[in-house]
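Breakdown of the fold
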Amino acid sequence: MILILLIWGFIFLLTGGLGFVAAKLLYTSFGIKEKPTSMVLVLLGFVFILTLAQFYSFYLPLNLSFIVFLSLGSLLVWIKKFKAISRILFAPFKQLWALSLPIKLIFVLGFFLALSMSASPGELIDEGGYYLPFIRWLENYPLMPGLANIEDRLGFNSTFHLLSAIFGFTFIFEGGLYDLTGFLCVLLLLQFSVGYERLLTGNFDYLAADLIKVVFLIFPFRAKLTVADADYAHLFLGLFLLTLWIEKTVEQSFRKLDGKALLIIVLSIWLITIKFLAIFYFLFPVLLLFLAGRQKNWKPIVGAILLGGIFIVPWVVRNYILSGYWIYPLTFLSFPAPDWQVPWEIARGQYTYVSEHATFGISRNYRQFVIREIHINEWWPYWLAEVKVQARYWIFLLGVPLTIPMWIYLILKRKKWDWDTQFGYFSLGIISTLFLLFWFFRYPDIRFGWAWIIGFVAVPWSIWMGKILTFKRSKIGRLVIIFLTMVLFRHLVHPSQGWKQYLTPASVNKAENFQTIRLDEVPVKVVADYYCWGLFPPCLPVNYNPLLQLRGDRLEEGFHIKKE
């Protein structure tokens, strides 16, 4: 655990220094006058690092050299701007110290939950199938054409796995440490603590946003804290984005381009590259920029287009290099078709498999997909039987239907449109509805729609609660905090080896049952099952495509499937 703490501290300082540079550049470009916050620095630091990494990895692996390069750059910034960065970066810790004792206790409990899970063995099998294998390729080789021909999910190209490769620290800890989800959990917890304090004192001004922050700890998706899972970042960075939108609604500040607006823009761009399903989040910055255009404020529009281009274009190119599709596995985005393109039936099979898994819970291995569209009459009974024992699904099954008439009432009772007070809520309701319809009929796995479900339910309920709970608010807030504390204790006593690993965290798994063969004269490992886990590449699953070939004499030239 101590090693994990040291690495989290290093990441915090590194991103803070580089984020300071990014914040200066973006605040000037967008015409923002206020000072950035600690969260702005860290998140912009990640985006800055990923922007460099996407270009860097075209030619070189993301290994010790890249970390040294980043560290030197951040160190120079720290030396030059030590006081300015320190004042911003460490402000949340001073703020936390000033909060009441119950909130400090909640932070400590949440912190140890993240730490103990990060030190624990991975709990998700997907880690062995494509999380770690993809990270291993990034750590050891530059980007290779056709890498997705080895295992089709390697073509997903999540920037969260790119970030995991950068901060894997295999040169310190054998096998690597992939605990960015834990770091992200602590970062969000630090940011959300002020909301918990508001609830404790009966301040319900930001009730919808603060209730969302409570749900963040009631349902922490603890298993995802043990692995380098992109779903965690998609879940909770999306949740954070929704709280920013709600806070701007309460503050009636949509005409003002401030740090929260910039975070909404940056997070929406980043989330698309973490999981493309996050494309719906992009509607929020579109609305912000639309309002800026109405005020003839063109600087943020130009800045957002440039930022999106610099970040998303290399990600799209990386998709093409990995799989032969501009956005994998959307098979209609495949022109021109390169020689390394993943066969259509495999890419299309992966596309339909995601929907099949989300509806039926069926897991299929590489090249075992069934290409078919599933009607709701087929999957609904199976899905309902599977999810009815999970509390998270009941929030959807009961909360969403009960919330729909509340949304309708809130909209219809308004005789006159009020941009300042209703724009944020109505836009959130409309975008959430569009997403939930798409999600439910296409990918109804709760982890894909969790943030939207909570945002959709929280807003109208908080408006009603704010009117009803006008008495003894502080007592109600105390009950919420007591409940949250009990829930965190429940998560902490969950059986886990993380409690015992105070000095040395659990190593990532490595496949032990494999044989070495020659693929076009290049030695490669072939595991006895479908999971390479943390084996160093080249490693293939047992059912790899028998027509798999190297594109040239060297491994770095990539892979393609031989035409029959």
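Everything in this summary refers to the structure shown in the same document. (Residues numbered from 1 in each chain as written. Predicted model: local features only at pLDDT ≥ 70, side-chain atom pairs only at ≥ 80, totals over all residues. Heavy atoms only, no water.)

Let's talk about the overall build of the chain
- When helices and strands are counted, the chain shows 20 helices and 5 strands.
- Compactness check: the chain gives a C-alpha radius of gyration of 24 Å against a globular reference of 24 Å for 564 residues, within 12% of the reference.
- Each principal axis of the C-alpha atoms in the chain carries an extent, and together these give about 75 × 60 × 55 Å.
- Scored against the burial criterion, the 564 residues of the chain give a buried share of 60%.
- In the chain, of all internal contacts separated by at least 6 residues, the share reaching a separation of at least 24 is 70%.
- Roughly 24000 Å² of accessible area belongs to the chain as shown, and the carbon and sulfur atoms make up 66% of that amount.
- Averaging the coordinates of the 50 positive side-chain charges in the chain and doing the same for the 34 negative ones gives two points 13 Å apart. (Helix = DSSP H or I, 4+ residues; strand = E, 2+ residues; numbered from the N terminus. Rg over C-alpha atoms; globule rule 2.2 N^0.38 Å. Buried < 20%, exposed > 50% of the residue type's maximum accessible area, 1.4 Å probe, protein only. Contact = heavy atoms within 4.5 Å. Areas by Shrake-Rupley, 256 points an atom, 1.4 Å probe, with all protein chains shown as cover. Lys, Arg positive; Asp, Glu negative; His and termini not counted. Charge placed at Lys NZ, Arg CZ, Asp CG, Glu CD.)

Some remarks on the layout of surface pockets
- For the second largest pocket, the calculated volume is near 530 Å³.
- In this structure, the second largest pocket is lined by 29 residues; those nearest its centre are Thr37, Gln95, Gln191, Val194 and Lys260.
- The set of elements that each furnish at least two residues to the lining of the second largest pocket consists of α2 (38-56), α4 (82-89), α5 (91-98), α9 (180-200), α11 (230-251) and α12 (259-274).
- Among the elements that make up the lining of the second largest pocket, the one with the highest residue count is α9 (6 residues).
- The residue inventory of the lining of the second largest pocket, partitioned by class, reads 14 nonpolar, 7 polar and 8 charged. (1 Å grid on protein atoms, 1.4 Å probe; cavity = no way out; pocket = protein on both sides within 12 Å on 5 of 7 lines; lining within 4 Å. Points joined across faces, edges and corners; volume = space filled by probe spheres on them. Nonpolar A, V, L, I, M, F, W, Y, C, P; charged D, E, K, R; others polar.)

Focus on empty space enclosed by the protein
- With the rule as written, the count across this model stands at 5 cavities of 30 Å³ or more.
- What the largest cavity holds in volume is close to 100 Å³.
- Pro133, Trp137, Ile150, Cys532 and Cys539 are the residues nearest the centre of the largest cavity, which is lined by 13 residues in total.
- Looking at the lining of the largest cavity element by element, the count peaks at 4 residues for helix α7 (residues 126-140).
- The residue makeup of the lining of the largest cavity, split by class, is 10 nonpolar, 1 polar and 2 charged.

Quick word on the sheet that holds strand β1 (residues 514-519)
- Pairing is mixed across the open sheet formed by 3 strands, whose spatial order is β1-β2-β3. Of all strands in the sheet, those bounded by a partner on one side alone are β1 and β3 (539-540). (Pairing = 2+ DSSP bridges.)

Some details on the side chain of arginine 447
- Looking at where arginine 447 falls in the secondary structure, it is placed in helix α19 (residues 446-468).
- According to the relative accessible area criterion, arginine 447 is buried, its value standing at 17%.
- There is a polar contact of 2.4 Å between the side chain of arginine 447 and the side chain of aspartate 231.
- At 3.0 Å, the side chain of arginine 447 and the side chain of aspartate 445 are in polar contact. (Polar contact = N/O pair within 3.5 Å; in protein donor to acceptor, adjacent residues only side chain to side chain.)

What to know about the pairing of β1
- Note: β1 against strand β2 (residues 522-527), 6 bridges, orientation antiparallel. Residue pairing across strands places phenylalanine 514 opposite valine 527, the latter belonging to β2.

Observations regarding the packing of aromatic side chains
- Taken as a whole and judged by the stated rule, the model has 59 aromatic pairs.
- Residues tryptophan 380 and phenylalanine 440 carry aromatic rings whose centres are separated by 5.9 Å and whose planes lie at 70° to one another, so their mutual orientation is edge-to-face. One end of the pair, tryptophan 380, is in helix α16 (residues 376-387); the other, phenylalanine 440, is in helix α18 (residues 419-442), and 60 residues separate them in sequence.
- Connected via pairs of aromatic rings, a cluster forms that spans Trp245, Phe254, Phe280, Tyr281, Phe284, Phe423, Phe435, Phe438, Tyr443 and Trp452.
- Above the face of the tryptophan 97 ring, lysine 104 is positioned so that its terminal group lies 4.6 Å from the ring centre.
- Geometry around phenylalanine 536 places arginine 136 over its ring, the cationic atom sitting 4.7 Å from the centre. (Phe/Tyr/Trp six-rings, centres within 6.5 Å; stacked < 30°, edge-to-face > 60°. Lys NZ or Arg CZ within 6 Å of the ring centre and 35° of its normal.)

Notes on the nonpolar core
- Within the largest apolar cluster, 199 residues are counted, with the highest numbers of intra-cluster contacts made by Phe167, Tyr196, Phe216 and Trp270.
- Excluding anything up to four places from it in sequence, phenylalanine 167 contacts Ile11, Leu14, Phe46, Ile49, Ile67, Leu177 and Leu180.
- By size, the runner-up hydrophobic cluster in this structure holds 7 residues, among which are Ala148, Tyr328, Val342 and Ala347. (Core = buried A, V, L, I, M, F, W, Y, C linked by side-chain atoms within 4.5 Å.)

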